[in-house]
Amino acid sequence: MPDLASCTIAFYGVGAMGSAILAALVRGGHPADQVLAVDTSSERLRELAEAYAVRTTSDVAEAAGAADVHVVAVKPGDVPALLDAMAGGLGAGDLVVSVAAGVMSAAIEEHLPDAVAVARVMPNTPALVGQGMAVVSPGSRCGDEALALARSVLEPSGAVLSLPEKHLDAVTGVSGSGPAYAFYLAEAMTEGGVLMGLPRDVATTLTVQTLLGAATMLAEGEDSATILRERVSSPGGTTTAGLAVLDERATRAAVVAAVRAATERSAELGRAR
Ligand SMILES: NC(=O)C1=CN([C@@H]2O[C@H](COP(=O)(O)OP(=O)(O)OC[C@H]3O[C@@H](n4cnc5c(N)ncnc54)[C@H](OP(=O)(O)O)[C@@H]3O)[C@@H](O)[C@H]2O)C=CC1
Ligand SMILES: O=C(O)[C@@H]1CCC=N1
């Protein structure tokens, strides 16, 4: 397998997720003329060409023949037809990296020539700002060099872990869908501030900086979430009053159930193939 720097990388589907990984890769220094955006939407292609000077095409077979690394970022239900359109252009030395939720690497391999390596990845949208979390799992034909190449596609997007594929549904439940849980909390905190009389822009600033500060303490410090929460909670004070309401309304159980539901939905998407 070659180094990523010498590879042409095609992104099939440049919606929310594909374009975030593409953007991080180009900002990270990968030559834009070695990046190919492929999408059914000519408007999306025009936007990406303008923003990042990447090459574009709507011809899947042409892209498959031109690239070495192939990032599949269409909706799970669109994956089989896309792979069939790609297959004729792929051969030994090619790597297919799929970010589609639930779609198993074995199901992807069935559509492709035997010589093609497949890796599955569960990324998330903070890749767009270089703060993504991606978990990479090798398929049955993905050796160490191909796995390293797959990781290097994601490294400009943020943190990267390698795990066996059996964990990817749970990963999807925590970090794949997780940004939406954080945005949901941000919406609710902002709304609470507005209800209590703060101007919306002020409530938004307070919420965003508070979540950023809390996440930075978790990321950079040694202390667990439990210890950090206890340090905010003065006995008989304001925080315990607020947290008691979250407990009364079973918020912790609701978040655990949300992770379970997203995990189960990922597995279900895989069975639908
Ligand atoms: N969004 C997220 O946070 C995450 C998404 N994922 C996974 O990423 C994948 C993409 O999700 P997301 O970016 O949200 O979806 P989007 O709908 O935003 O993007 C998918 C893009 O692919 C295009 N497309 C569909 N079929 C083809 C085709 N045959 N060839 C080229 N382009 C095609 C779509 O066009 P059109 O709209 O015309 O169909 C669309 O522009 C999904 O499989 C999802 O599970 C994984 C982790 C996180
Ligand atoms: O909602 C979804 O299905 C995709 C996969 C993980 C995040 N978004």
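Residues numbered from 1 in each chain as written. Chains lettered and ligands numbered in written order. Predicted model: local features only at pLDDT ≥ 70, side-chain atom pairs only at ≥ 80, totals over all residues.

- Going by the annotation in an unreviewed UniProt entry, the name recorded for the protein chain is Pyrroline-5-carboxylate reductase, with Arsenicicoccus cauae given as the source organism.
- Database annotation for the protein chain, UniProt heading Subcellular location (unreviewed entry): "Cytoplasm".
- The record held by UniProt for the protein chain lists under Pathway (unreviewed entry) the comment "Amino-acid biosynthesis; L-proline biosynthesis; L-proline from L-glutamate 5-semialdehyde: step 1/1." (UniProt positions renumbered as here; feature names shortened; annotations may be inferred.)

### Things to note about the overall build of the protein chain
Turning to step 1, where the next piece is worked out: Along the backbone of the protein chain there are 12 helices and 8 strands.
Turning to step 2, where the next piece is worked out: With the principal axes as the frame, the protein chain shows a C-alpha extent of 65 × 40 × 35 Å.
Turning to step 3, where the next piece is worked out: By sequence separation, contacts in the protein chain at least 24 residues apart represent 66% of the contacts at least 6 residues apart. (Helix = DSSP H or I, 4+ residues; strand = E, 2+ residues; numbered from the N terminus. Contact = placed C-beta atoms within 7 Å.)

### Observations regarding the pairing of strand β1 (residues 9-12)
Turning to step 1, where the next piece is worked out: Of the two faces of β1, the one lined by Ile 9 and Phe 11 and the one lined by Ala 10 and Tyr 12 are each fully buried.
Turning to step 2, where the next piece is worked out: By the bridge criterion, 4 bridges tie β1 to strand β2 (residues 35-38) in an arrangement that is parallel. Paired with Phe 11 across the strands is Ala 37, a residue of β2.
Turning to step 3, where the next piece is worked out: For the crossover that starts at β1, traverses helix α1 (residues 16-27) and ends in the parallel β2, the hand is right-handed. (Buried ≥ 20, exposed ≤ 12 C-beta atoms within 10 Å, placed from the backbone. Pairing = 2+ DSSP bridges. Right-handed = clockwise from strand over helix to strand, strands pointing away.)

### Remarks on unusual backbone geometry
Turning to step 1, where the next piece is worked out: Although it is not a glycine, Ala 53 sits at a positive phi angle of roughly 60 degrees.
Turning to step 2, where the next piece is worked out: Assignment of secondary structure puts Ala 53 in the loop between α2 (42-52) and β3 (55-57).
Turning to step 3, where the next piece is worked out: Given 12 C-beta atoms within a 10 Å radius, Ala 53 is considered exposed.
Turning to step 4, where the next piece is worked out: For Ala 250, which is not glycine, the phi torsion reads 55 degrees and is therefore positive.

### Examining the packing of helix α7 (residues 168-176) against helix α12 (residues 251-271)
Turning to step 1, where the next piece is worked out: Axis separation between α7 and α12 bottoms out at 7 Å; the angle between their running directions is 135 degrees. On the basis of their axis angle, the class for α7 and α12 is oblique. Note on packing geometry: the crossing formed by α7 with α12 is right-handed. Counting all contacts with α7, which are made through Asp 169, Ala 170, Thr 172, Gly 173 and Val 174, the residues of α12 involved are Val 259, Arg 260, Ala 262, Thr 263, Ser 266 and Ala 267. (Axes fitted to C-alpha atoms, helices over the stretch in contact; angles between N-to-C directions. Parallel < 35°, antiparallel > 145°, perpendicular 65-115°, else oblique. Left-handed = near helix turned anticlockwise from the far one by under 90°.)

### Description of the site of ligand 2
Turning to step 1, where the next piece is worked out: Inspection of the region around ligand 2 gives Ala 101, Thr 172, Gly 176 and Ser 177 as its neighbouring residues.
Turning to step 2, where the next piece is worked out: Split into classes, the residues belonging to the shell around ligand 2 amount to 1 nonpolar, 3 polar and no charged. (Near = placed C-beta within 6 Å. Nonpolar A, V, L, I, M, F, W, Y, C, P; charged D, E, K, R; others polar.)

### Some details on the site of ligand 1
Turning to step 1, where the next piece is worked out: Around ligand 1, the structure places 26 residues, and the nearest of them are Gly 13, Gly 15, Met 17, Ala 100 and Ala 101.
Turning to step 2, where the next piece is worked out: A per-element tally of the shell around ligand 1 places α1 first, with 3 residues.
Turning to step 3, where the next piece is worked out: Its residues assigned to classes, the shell around ligand 1 shows 14 nonpolar, 8 polar and 4 charged.

### Looking at the domain arrangement of the protein chain
Turning to step 1, where the next piece is worked out: Domain annotation of the protein chain identifies domain 1 (4-168) and domain 2 (178-269).
Turning to step 2, where the next piece is worked out: Using only C-alpha atoms to locate each centre, domain 1 and domain 2 end up separated by 32 Å.
Turning to step 3, where the next piece is worked out: Residue-level contacts link 7 residues of domain 1 with 6 residues of domain 2.
Turning to step 4, where the next piece is worked out: Looking at side-chain class alone, the side of domain 1 that touches domain 2 contains 4 nonpolar, 3 polar and no charged residues. (Domains from an automatic or database assignment.)

### What to know about helix α9 (residues 200-220)
Turning to step 1, where the next piece is worked out: Helix length check: α9, at 21 residues, gives a terminal C-alpha distance of 30 Å against a target of 30 Å (1.5 Å per residue), a fit within 8%.
Turning to step 2, where the next piece is worked out: Across the 21 residues that make up α9, only a small minority, 1, are buried. (Expected span 1.5 Å × (residues − 1).)

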